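Residue-level listing of the chains:
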Amino acid sequence: MHSCHRKKPSLIERKLAEQITVPHVIHASFGQAHYFEYLFTNPYSEDHSFEINWDDDELRLVTSASEWKYLRRIHSIRVGVEDKLISIRSNGTPEIYMLANETVSIPFVFQSFLGGTISNNVEGDTAILSPRSAAIESLPGGGIHPRCINISFLNAKRNPIAMIDLFIKPKNYCIDRVFRFFRSEGELLRRTVKFYSSTATIEDKHDRDRGAKKNHGAIITENSTIYDAAHPLKKYVKCNNPDVICTLTETGKGHTNLKELSFKYRVGSAPETSAIYFLIYDDPHHISLHEVWRVFIHSLHRLDLNCVLGQSNHASLVLRGSSFSRTVQCYSNLPDELLVTASAPFILTANSLNEIGMLMRPRSECIRDIIMNVVDTDDQSLVSSWLVVSHCSSPTVTKSFEISIPRGKAVNKRVSYTNPYTTKRSFRLKTNAEHLVQFREGNMLHLDGGASQYISLRLLPNSSGSWSDILVFLNDDHDKIEECLRIRVSYV
């Protein structure tokens, strides 16, 4: 008997809560603003203030009149908005003051910027990408997780007058562009990407033909997502990572579609792969999603090398072994410039320092980034990644020649060279401009001590300028420069 009395109040409270609760479902997608309005009526015959309470950072009230107008326009709600409908208390709690028996429409937006993997609790396909996007990769961090958010409207005594059960069900999203950057750990990455944006938004691109009319060269529909008719191609950017600074600017004049996205990001410790997202919107309130960019930033160990153009530069990399020995092989994204002396697989000894010999053969005077990966040959797993930065300088020129040739024609020429040694020497001929000069009699020069010989050259036409400087290197058996000849060719 006493048990029934204890259960009765809780049962009554639950039934009363069910009577004043309205369910609402949102199929949430990354970066999309999901808008809904709730009609709330003051049940009292006198003016009253109501507190709006919920506990979720991804749900917000729309308090800006301009944002509310824009939301109603793109959702084809042809009703005006009331300015300053909702006020915020000093403690950050929203409240609404209503007249007796007044009914108002209260606007909400749910928007998530969690771009990781969707929780496995969601029903159906849990992939984060649609079929039209790139391959799926494992990303750190969680994405939108399914849940129920309770929104309560409380009176002055903090009793609920009305409630909303907002059910969040994640769905797939599309990646429009993917970028990858390989940078050294701790580096401040600065990048600017120029791009042309498409004229259709993600939500509207399939039904632009409905009710369309021209305005300043842009297609406008009744529920168009264009925010400013004077600048119909203007876009706005938001990054899901607060540590990223980004800006989006127009690069052309008038109604051009060319834009520049610039961002700055501090690279983490190696080895680490970060995925950041840039969301391009049609409006400054970040409501109408236009494109989603995914940017992978791979943090690598760094090795700087000082090199001389035209010769082989020796260097070594010290790599600490893991807890067990393994067979590995090294790969470079520029194998013509960065060679690993151990071209075959070798043993990486456990818990010890292993030295890897390298040869750097730069092809131009510049600072070049080369990626070298150490891969386990048994399971194809990545053991280590390095960013090898080549700082290349030009060698000392020992002799100079000036030659004039007809423009647009290939010409055979000869330059003389004398062996400065008293013994017989062999020299390997190389050049920094293979597209402008060829060695007609092979790339080896054999000279007795003090002997002279002509180097036969075939100078090829150059359509990009009136003159060019060609370097010819004479290297010894160790591929070190013995002589550097500079040939200035004038095209007349």
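Scroll up for the structure.
The structure presented is a predicted model; accordingly, all values stated were derived computationally and were not measured.

**Some thoughts on the overall build of the protein chain**
Looking only at helices and strands, the protein chain features two helices and 33 strands. Residues classed as buried in the protein chain amount to 44% of the 492 residues present. Relative to all contacts within the protein chain whose residues are 6 or more apart in sequence, the contacts with residues 24 or more apart total 69%. For the protein chain, the computed accessible surface area is about 26400 Å², with 49% contributed by carbon and sulfur atoms.

**Let's talk about the sheet that holds strand β32 (residues 467-475)**
Sheet strands line up and pair through hydrogen bonds in the backbone, either parallel or antiparallel. Read from one edge to the other, the open sheet built from five strands follows the order β26-β33-β32-β28-β30, with strand pairing classed as mixed. Edge strands, defined here as strands with exactly one partner in the open sheet, are β26 (399-405) and β30 (444-447). Averaged over all pairs of adjacent strands, the angle between their axes in this sheet comes to 25°, without regard to strand direction. Pairing geometry for β32 and strand β33 (residues 481-491), over nine bridges, is antiparallel. Bridge pairing links Asp469 to Arg488 in β33.

**Some words on the layout of surface pockets**
If you add up the space inside the second largest pocket, you get close to 430 Å³. Around the second largest pocket, the lining comprises 19 residues; the ones closest to its centre are Arg363, Lys430, Thr431, Asn432 and Glu434. Broken down by secondary-structure element, the contributors of at least two residues to the lining of the second largest pocket are β28 (425-431) and β29 (437-439). Classifying every residue of the lining of the second largest pocket gives six nonpolar, six polar and seven charged.

**Description of the sheet that holds strand β21 (residues 338-340)**
The sheet built from three strands is open, its strands ordered β19-β23-β21 with antiparallel pairing. Here the strands that pair on one side only, and so sit at the sheet edges, are β19 (313-320) and β21. Here the strands of the sheet are splayed against their neighbours by 35° on average, with no regard to which way each runs.

**A closer look at the side chain of Asn475**
Assignment of secondary structure puts Asn475 in strand β32. Every residue in contact with Asn475, bar those within four places of it in the chain, is listed here: Gly310, Gln311, Ser426, Phe427, Arg428, Lys430, Lys480, Ile481 and Glu482.

**Concerning empty space enclosed by the protein**
The full count for this structure, using the stated rule, is four cavities of 30 Å³ or more. Here the largest cavity is characterised by a volume of approximately 70 Å³. Along its surface, the largest cavity is lined by Val62, Thr63, Ser64, Ala65, Trp68, Glu82, Asp83, Lys84, Leu85 and Ile86. Tallied by class, the residues present in the lining of the largest cavity amount to five nonpolar, two polar and three charged.

**Quick look at the pattern of salt bridges**
Evaluation of the coordinates by the stated rule reveals 19 salt bridges. As a salt-bridge pair, Glu37 and Arg72 come within 2.8 Å of each other at their nearest N and O atoms. Here Arg72 lies in helix α2 (residues 65-74) and Glu37 lies in strand β2 (residues 33-41), a separation of 35 residues in the sequence. According to the relative accessible area criterion, Arg72 is buried, its value standing at 6%. Of the charged contacts, one joins Asp376 and Arg326 as a salt bridge, the two residues approaching to 3.7 Å between their closest N and O atoms. Taken together, the positions of Asp376 in strand β24 (residues 367-376) and Arg326 in strand β20 (residues 326-332) put the pair 50 residues apart, joining distant regions of the chain. Arg326 sits in the buried class, given a relative accessible area of 14%. One salt-bridge network, in which partners are shared between bridges, spans Glu51, Arg89, Glu95 and Arg158.

About the thresholds
- Throughout, a residue's number is its position along its own chain's written sequence, starting from 1.
- For a predicted model such as this one, the threshold for reporting local features is a pLDDT of at least 70, and the threshold for listing and counting side-chain atom pairs is 80 or more; totals across whole chains, interfaces and linings nevertheless cover every residue.
- Side-chain measures here rest on the full set of heavy atoms in the structure, leaving out hydrogens and waters.
- Strands are runs of DSSP state E lasting at least two residues, helices are runs of H or I lasting at least four, and both sets are numbered from the N terminus onward.
- Only protein chains enter the area calculation, which uses a 1.4 Å probe; residues under 20% of their type maximum are buried, those over 50% are exposed, and those in between are partly exposed.
- Pairs of residues are marked as contacts when any of their non-hydrogen atoms sit within 4.5 Å.
- Using the Shrake-Rupley algorithm and a 1.4 Å probe, accessible areas are obtained, with residue cover drawn only from the displayed protein chains.
- Any two strands with at least two DSSP-identified bridges between them are counted as paired.
- All axes are obtained by fitting lines to C-alpha atoms, using only the stretch in contact for helices, and the reported angles, taken between N-to-C directions, cover 0 to 180 degrees.
- Buried and open spaces are told apart on a 1 Å grid over the protein atoms alone, a cavity being a set of points where a 1.4 Å probe fits but cannot get out and a pocket being an open set with protein on both sides within 12 Å along at least five of seven lines. Residues with an atom within 4 Å of a point are the lining residues.
- Grid points are joined across faces, edges and corners, and a volume is the space filled by probe spheres set on the points.
- Each residue receives one of three labels: charged for Asp, Glu, Lys and Arg, nonpolar for Ala, Val, Leu, Ile, Met, Phe, Trp, Tyr, Cys and Pro, and polar for the others, Gly being one of them.
- In the sections that follow, a salt bridge refers to a side-chain nitrogen of Lys or Arg positioned within 4 Å of a carboxyl oxygen of Asp or Glu.

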